[in-house]
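Survey of secondary and tertiary structure
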Amino acid sequence: MDSWFWELLIGVGRLFIHPVLYVTLAVAVVLGYFRVKRERHDFHIRVEYGLTEFQKASKSLLIGLALSVLTIGLGVIIPFGTIVLLSFFSIIFTLFIKPRWLSTAYIFGFTILAVVLVPKLETDMTIFQRLAESVEATHLPTLAILMGILMVAEGMFVWKQAPVQTSPQLQKSKRGLPVGTHVVQRVWILPLFLFVPVGAGGIETSFEWWPVLQMGEQTLSLWLVPFSMGYYQRLKASLPLDAIPIVGRQLVLLAVVVLLTGVGSLWWENASILAAVFAVIGREWLNYRAKTEDEKHQPIFVQRDKGLVILGVIPESPAEKMNLQIGEVITKVNNIPVNTVSNFYEALQQNRAFCKLQVVDANGEARFAQTALYEGDHHELGLLFVQVGKKWKQTEAV
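As the structure is a prediction and not an experimental result, all values here were calculated from the model.

Scoring rules and cut-offs
Residues numbered from 1 in each chain as written. Predicted model: local features only at pLDDT ≥ 70, side-chain atom pairs only at ≥ 80, totals over all residues. Heavy atoms only, no water. Helix = DSSP H or I, 4+ residues; strand = E, 2+ residues; numbered from the N terminus. Buried < 20%, exposed > 50% of the residue type's maximum accessible area, 1.4 Å probe, protein only. Contact = heavy atoms within 4.5 Å. Areas by Shrake-Rupley, 256 points an atom, 1.4 Å probe, with all protein chains shown as cover. Polar contact = N/O pair within 3.5 Å; in protein donor to acceptor, adjacent residues only side chain to side chain. Core = buried A, V, L, I, M, F, W, Y, C linked by side-chain atoms within 4.5 Å. Patch = residues over 30% accessible without salt bridge, like charges linked within 9 Å, V, L, I, M, F, W, Y side chains within 5 Å. Salt bridge = Lys/Arg side-chain N within 4 Å of Asp/Glu carboxyl O. Axes fitted to C-alpha atoms, helices over the stretch in contact; angles between N-to-C directions. Parallel < 35°, antiparallel > 145°, perpendicular 65-115°, else oblique. Left-handed = near helix turned anticlockwise from the far one by under 90°. Nonpolar A, V, L, I, M, F, W, Y, C, P; charged D, E, K, R; others polar. Pairing = 2+ DSSP bridges.

To continue, consider the overall build of the chain. A count of helical and extended segments in the chain gives eleven helices and twelve strands. Counting only residues that meet the buried cut, the chain has 50% of its 398 residues in that class. Counting only contacts in the chain whose residues sit at least 6 apart along the sequence, the fraction spanning at least 24 positions is 76%. For the chain, the exposed surface amounts to about 19,700 Å²; the carbon and sulfur share of it is 61%.

What follows is the structure, given as structure tokens:
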């Protein structure tokens, strides 16, 4: 029991010397920095806190620890060389600063391909020979099953977390029309406890203090290994709360197919390669389908003849307190019809102590929202709209 407890503590400590942890968290900070910079360019105010992406990534660490109960219970054993390959592809895809490439499907898909090819490479370099020997000891079905488990977790993250706190953006179409979009970008870091073989096919150590576990004929070491995940999508013809959960559910369904294929590889090992192919092609197809589905419909966030479409809501503003939602249309302010930002602001000035809005929700039903206004409140209630006359750098086909 003492060896297990000691190994568990050391395993947690290994998380903090793993480069994937710091590279992924650094990318989360960079994403937040550029998001705030873009929001200030478009709206002269940031929407969400600059470390929002970092906080989301950090919170997922706890979910990984909970999921580790499953990997410890299943006795998931991954050789050190394969962990190196997983880390290599994670860092490479992370350095693109493109969250969509951090999908488990891509990282594990390329890793499984490398596990098959690396042992066949011939080299005189001792370090690569030892790496190849370690990789050769990989049980491909175990790797495929782990990929399926992580893809289920990724799909749940996209389903439940990605639709909230999205970032509004202003663009100009090729037709010269102002268009609003919502950018969904997230990175997560999911640490899992894995057993790593010590000695042949694993890690060799001559230190007496190095904690190990004896399981059957294998000597194992416990590692808390971080896995990067990411998601990116730009929406102009649908609302994040409507479109993103659909993608999340599709990802979970794909993950179940991959997981079942991985389980099937316990009887036919080549099915693990098939699972990797399903994962990569399926993930690319879902990306393509989500993008084309959004592009074939007319944009939501555009200037209208009647009313103003809410593109964004500033947190802790009067608009948030009135429960105004992205995609709703404000048709009247203090009983005055509005359809531009300027006459919206003018209508607000009619009563500086109180405002009453007539709002049409996403279902086309009208309702009223009202609130008292206080000194220091956002001069436009904390609402963001498509602005006419804005000079955009970005261009998008509509």
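Next comes the rest of the write-up.
This part covers unusual backbone geometry. Residues apart from glycine generally show negative phi values, whereas peptide bonds are mostly found in trans. The backbone of His44 shows a phi angle near 60 degrees, a positive value even though the residue is not glycine. Relative to the assigned elements, His44 resides in the loop between α2 (19-43) and α3 (52-74). Residue classification places His44 among the exposed positions, given a relative accessible area of 63%. Positive phi is not limited to glycine here, since Asn334 has a value of about 55 degrees. By secondary structure assignment, the location of Asn334 is in the loop between β7 (329-333) and β8 (336-337). The class of Asn334 is buried, set by a relative accessible area of 16%.

With that settled, consider the side chain of Asn334. Only 3.0 Å separates the side chain of Asn334 from the backbone oxygen of Ala347, close enough to count as a polar contact. Beyond its immediate chain neighbours, meaning those up to four positions away, Asn334 contacts Ala347, Leu348, Gln350, Asn351, Phe354, Cys355 and Lys356.

The biggest cluster of nonpolar side chains holds 68 residues, and the ones touching the most others in it are Phe108, Leu146, Met147, Leu150, Met151, Phe227 and Tyr231. Discounting residues that sit within four places of it in the chain, Phe227 has contacts with Leu86, Phe108, Leu146, Leu150, Trp188, Ile189, Leu190, Leu192 and Leu194. One finds Ile310, Ile330, Cys355 and Val359 within the second-largest nonpolar core, a separate group that totals 20 residues.

This brings us to a nonpolar patch on the surface. Taken together, the side chains of Val257, Trp268, Ile273, Leu274, Val277, Phe278 and Ile281 make up a nonpolar region of the molecular surface, amounting to roughly 610 Å² of accessible area. With five residues, the top contributor of residues to the nonpolar patch is helix α9 (residues 271-295). Mapped onto the fold, Leu274 is located in helix α9. Residue classification places Leu274 among the partly exposed positions, given a relative accessible area of 35%.

So, on to the packing of α2 against helix α4 (residues 80-94). Axis separation between α2 and α4 bottoms out at 10 Å; the angle between their running directions is 15 degrees. Relative to α4, the element α2 lies roughly parallel. With respect to the hand of their crossing, α2 and α4 are arranged in left-handed fashion. Within the contact between the two elements, α2 uses Pro19, Val20, Val23, Thr24 and Val27 and α4 uses Ser87, Ser90, Ile91 and Thr94. Residue composition of the contact of α2 with α4, by class: five nonpolar, four polar and no charged.

A few words on the pairing of strand β10 (residues 366-372). Here strand β9 (residues 354-360) pairs with β10 via seven bridges, running antiparallel. In the sheet register, Val360 faces β10, and the bridge partner there is Ala366.

Once that is clear, we can look at the pairing of β9. Burial along β9 is one-sided: Cys355, Leu357 and Val359 are buried, and none of Phe354, Lys356, Gln358 and Val360, which face the opposite way, are. For β7 and β9, the ladder comprises four bridges, and the chain directions are antiparallel. Opposite Val333, over in β9, you have Leu357 as the bridge partner. What sits between β9 and β10 in their antiparallel hairpin is a turn of five residues, with Gly364 showing a positive phi close to 80 degrees.

As enumerated under the stated definition, the model contains six salt bridges in all. Its salt-bridge partner being Glu53, residue Arg35 comes within 2.6 Å of it at the nearest N-O pair. With Arg35 in helix α2 and Glu53 in helix α3, the pair connects residues that are 18 residues apart, well separated along the chain. Put simply, Arg100 and Glu284 hold a salt bridge, and the shortest N to O gap is 3.0 Å. Of the two residues, Arg100 sits in the loop between α4 and α5 (104-117) while Glu284 sits in helix α9, which places them 184 residues apart along the sequence. Judged by relative accessible area, Arg100 falls into the partly exposed class, the value being 22%. Glu284 sits in the partly exposed class, given a relative accessible area of 31%. Linked by salt bridges that have partners in common, Arg35, Glu39 and Glu53 make up one network.

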